Amino acid sequence: MVKFSKQFEGQLVPEWKEAFVDYWQLKKDLKKIPLLNTDNNATNKNKNKDSSFSSTLISSIRKLPLFGPQRREHGVIQVHTKIAQTLSKGDLYETELLEQFADTEAAAEFFALLDLQLNKVNKFFRTKEKEFVERGESLKKQMEILIELKAALKQHHDIGTSSGQNSKEDESISGTISCDEESTKDRTEQEQDIENSIDEVNKNDGQLTDSPRSSELGKSTSIKREDSKSKSQSERVINCHGKSLKIHVPLTNPTRTFSAISYLLRDDMINQSSKKCGTDGRKLHINRTKLKHAEKMIRGAFIELYKGLGYLKTYRNLNMIAFVKILKKFDKVTNKQVLPIYLRVVESSYFNSSDKALKLADDVEEIFIKHFAEDDKKKAMKYLKPAQKKESHAVTFFIGLFTGCFLALFVGYVIMAHITGLYRPQSDTIYMETVYPVLSMFSLMFLHFFLYGCNIFMWRKTRVNYSFIFELAQTKELKYRDVFLICTASMSAVVGVLVLHLTLVAKGYSYNQTQAIPGLLLLVFIMLLVCPFNIIYKSSRYRFICVIRNIILSPLYKVVMLDFFMADQLCSQVPMLRNLEYVACYYITGSYKTQDYGYCMRTKYYRDLAYAVSFLPYYWRAMQCARRWFDEGHKSHLVNLGKYVSAMLAAGAKVAYEKEKNMGWLCLVIVMSSAATVYQLYWDFVKDWGLLQCHSKNPWLRNELMLHRKFYYYFSMGLNLVLRLAWLQTVLHYNFGSVDYRVTGLFLAALEVIRRGQWNFYRLENEHLNNAGKFRAVKTVPLPFHEVDEQD
């Protein structure tokens, strides 16, 4: 049977862990009581004789009518209710001990902590419930506006059809455009001031403080976050059925980005002074496309709200069970009847008695079924309560099978390569220039993928909510077993094909007959990646292609966590990308037919393209930083952009040094690479990992750590430092004995991939702790419709 402590930790909401009952600390305090009883057993026996007369006298006095009415009931304890200074905190509970315990001081400490936990749970539940209820009311208003606009659009369509207008035209509702007097910069600064004020209030009041000022500031902040930042959203104001509404369309793709930019330019060209006035009579058309997008946004907001209400229900149930369990343990240790008394208080407390969240969840279900699922409850529940993907034992079996196949094939390949002497400096040049790049490309790619599977395993073990951070669908995300299955199966196929190719070459087949085999292998993997059929993890393949598209078209797409996380991975895969470009050039130009492997490097166009590949990942990442600065306005994104610019300058110096190997370029490579390395190390440790905090309780780390041993963090920082210096190979050109230099390059590239793998874990750990520090467990979906005051 699983212990409740492990069950409790496994089911709680990771981002709300600090707000749950501290069950483990209560158990520690409870253990002090029996230990002290054992130590003081003999002393207590002597004291019992001396205090028998006094205890009898006290109990007789308590029975007198003069003292009886002061207590509501006679028992071991009594829980007093105190009215809090603010209504947001609700009632506060404080326990008084009515009987002597074996160790009264330890029992008093236990109940003091228990009262603190109960007050904390009530306060957090009240805060989150209020937040979700306000969000629910806003969504209901959004739904009313959407229904009204859809009805107006339908009426407009019916009138146009009856009057003989062309029904194929995109029907629309006319409105008026207005603009806000407040500039984006001013609103961003005000928002930053409000956030700073909230941080100060939270620091002064302690954890989970909910004063009137903080609640008002939090509310105003949420309004600012949704109504400001015109840089990241295109804003439209319409007047429909007597309501002035502002429509926010997030700039999530190039079409909306270009339309917003063209709108702003056209607005400036038509009337420059219009930004200082209200409505100027220009027309705006709200068509079906915009309403569909607004409907999609509202639907997503309802799904996130329902998920948050589910978390709140879990929060209530787990905390209730935790109180029952710890009180049972207390009764068992002390042989007292505390559970019935204190449990009545817990059951009547706010977090267990309030039903607002339950009613709101029912309302959300009803609205979603009616308006988004065509009155089909089963269909609605697929969105609101998606079923978890079941683990299959067959996956584990095939992982073991393909792992064994890969190891056997790899050992055979190494033996054959050693016998034929392929990887020596005087090896077969054609093989090393044509087939080996394919092997190294797949090796680096699937090594990286394998480390991602290890990351998923560690994130799940340490309760890092990577699915929420990456915004992955729970029913479609890859589990670590799926990742391992893909890696083992793919590498078994790759090594198997290369063993076959090497066998054919060893048997005397000419390169003209075997050169197409590596190219066909690459073509098969590309076809599997873009395969439109619902096989081999179609949803994950499609998501991967979309992320790559977003990266390549940066900064036209809005940047989310998964996009810049994947772009960081590409920065560590420059050797793989260069091999991919070379292999593609070798087969597309038809050089494989004549074994002219040097054609791509002799042709200036392809040679320059190969050098450009070295810059592209850093360029894409820099453009993402620029877009995030444009959307959010934080200067830290510009500082991060400088890191990738320094990496591009260092890469450019290396390219120049490869062309002209002289002392001047060598000095420039050392200077630029050293500066870029220091820049990158600082950003890794301080910004990405959140470490090197001077005033942390964990020296040179941070206050909150997901791993129990600090040694892992120090070791990872040292390893990251060493692996960041791999660029020294460019200067030293050190070879490992008689091994070919291309094998040495693959080894160094694999070290960079390993460095990125360990970087991934700490990067998401820090992101998770930031979310947990602000209790962000559900995504805040922006709402499309916002009412505007007429004076604006």
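The rules behind the values
- Residues numbered from 1 in each chain as written.
- Predicted model: local features only at pLDDT ≥ 70, side-chain atom pairs only at ≥ 80, totals over all residues.
- Heavy atoms only, no water.
- Helix = DSSP H or I, 4+ residues; strand = E, 2+ residues; numbered from the N terminus.
- Buried < 20%, exposed > 50% of the residue type's maximum accessible area, 1.4 Å probe, protein only.
- Contact = heavy atoms within 4.5 Å.
- Areas by Shrake-Rupley, 256 points an atom, 1.4 Å probe, with all protein chains shown as cover.
- UniProt positions renumbered as here; feature names shortened; annotations may be inferred.
- Patch = residues over 30% accessible without salt bridge, like charges linked within 9 Å, V, L, I, M, F, W, Y side chains within 5 Å.
- Salt bridge = Lys/Arg side-chain N within 4 Å of Asp/Glu carboxyl O.
- Lys, Arg positive; Asp, Glu negative; His and termini not counted.
- Charge placed at Lys NZ, Arg CZ, Asp CG, Glu CD.
- Axes fitted to C-alpha atoms, helices over the stretch in contact; angles between N-to-C directions.
- Parallel < 35°, antiparallel > 145°, perpendicular 65-115°, else oblique.
- Left-handed = near helix turned anticlockwise from the far one by under 90°.
- Nonpolar A, V, L, I, M, F, W, Y, C, P; charged D, E, K, R; others polar.
- Disulfide = S-S within 2.5 Å.

Caption draft 1: Representation of the overall build of the protein chain in the model. When helices and strands are counted, the protein chain shows 29 helices and seven strands. Here the protein chain holds 792 residues, and the buried ones make up 45% of them. Considering only contacts in the protein chain between residues 6 or more positions apart, those separated by 24 or more positions represent 72%. Element-wise, carbon and sulfur atoms account for 59% of the exposed surface of the protein chain, whose accessible area totals about 42,400 Å².

Caption draft 2: Quick look at the UniProt feature "transmembrane region" (unreviewed entry) in the protein chain. In the UniProt entry, the feature "transmembrane region" (unreviewed entry) is given for residues 394–415, 435–459, 480–504, 516–537, 663–682 and 711–732. Overall, residues 394–415 shows 100% helix and 0% strand. The separation of its end C-alpha atoms is 32 Å.

Caption draft 3: Spotlight on a positive patch on the surface. Together, Lys3, Lys6, Lys28, Lys31, Lys325, Lys328, Lys329 and Lys332 make up a positively charged patch on the protein surface. Counting residues per element, the ones that place at least two in the positive patch are α2 (23–39) and α8 (288–334). The biggest single contributor to the positive patch is α8, with four residues. Secondary-structure assignment places Lys332 in helix α8. Given the relative accessible area of 73%, Lys332 is considered exposed.

Caption draft 4: Spotlight on the environment of Phe470. With respect to the helices and strands, the residue Phe470 is situated in helix α16 (residues 466–470). Spatially, the C-alpha atoms of Phe470 and Asp563 are 8.9 Å apart, while their sequence positions differ by 93 residues. In contact with Phe470, other than residues within four places in its own chain, are Trp459, Arg543, Met561, Leu562, Phe565 and Leu764.

Caption draft 5: Looking closely at the packing of helix α26 (residues 663–688) against helix α27 (residues 711–723). Across the interface, α26 lies against α27 with an axial gap of 10 Å and an inter-helix angle of 160°. Taken together, the axes of α26 and α27 are roughly antiparallel relative to one another. Of the two elements, α26 crosses α27, and the hand of that crossing is right-handed. On α27, the residues that touch Leu681, Asp684 and Phe685 of α26 are Met717, Asn720 and Leu721. For the contact of α26 with α27, a count of residues per class yields four nonpolar, one polar and one charged.

Caption draft 6: Region of interest: unusual backbone geometry. Looking along the chain, the bond that leaves Ser554 and enters Pro555 is cis, with omega of 5°. As for its position among the elements, Pro555 is in the loop between α20 (538–552) and α21 (561–571). The backbone of Glu374 sits at a positive phi, close to 55°, despite the residue not being glycine. As for its position among the elements, Glu374 is in the loop between α11 (356–372) and α12 (377–384). For Asp375, which is not glycine, the phi torsion reads 60° and is therefore positive. Examined against the element boundaries, Asp375 turns out to sit in the loop between α11 and α12. For Asp375, a relative accessible area of 60% translates into the label exposed.

Caption draft 7: Local environment of the environment of Leu97. Mapping Leu97 onto the fold places it in strand β2 (residues 91–97). Measuring from C-alpha to C-alpha, the distance between Leu97 and Val76 comes to 6.4 Å, with 21 residues separating the pair along the chain. When residues no more than four places from it in sequence are discounted, the contact partners of Leu97 are Val76, Ile77, Thr104, Ala107, Ala108 and Phe111.

Caption draft 8: Layout of the packing of α27 against helix α29 (residues 741–773). α29 packs onto α27 with a crossing angle of 140° between their chain directions and a minimal axis gap of 10 Å. Looking at the two axes, α27 sits oblique to α29. For the pair α27 and α29, the sense of crossing is left-handed. Contact with α27, carried on its side by Tyr712, Tyr713, Ser716, Leu719, Asn720 and Leu723, involves Leu751, Glu752, Arg755, Gln758, Tyr762 and Glu765 of α29 and no other residues of that element. Among the residues making up the contact of α27 with α29, the classes are represented as six nonpolar, three polar and three charged.

Caption draft 9: Molecular detail of the state of the cysteines. Summed over all chains, the structure comprises one disulfide. Between Cys585 and Cys600 runs a disulfide, and the two sulfur atoms are separated by 1.9 Å. Negative torsions about the S-S bond denote left-handed disulfides, and the value of about -105° found for Cys585 with Cys600 makes this one left-handed. Residue Cys585 is found in helix α22 (residues 574–588), and its partner Cys600 is found in helix α23 (residues 599–602); the two are separated by 15 residues along the sequence. Each member of the pair, Cys585 together with Cys600, is buried. No disulfide involves Cys571; its nearest neighbouring cysteine sulfur is the one of Cys625, lying 9.4 Å away. Using a relative accessible area of 8% as the deciding quantity, one classes Cys571 as buried.

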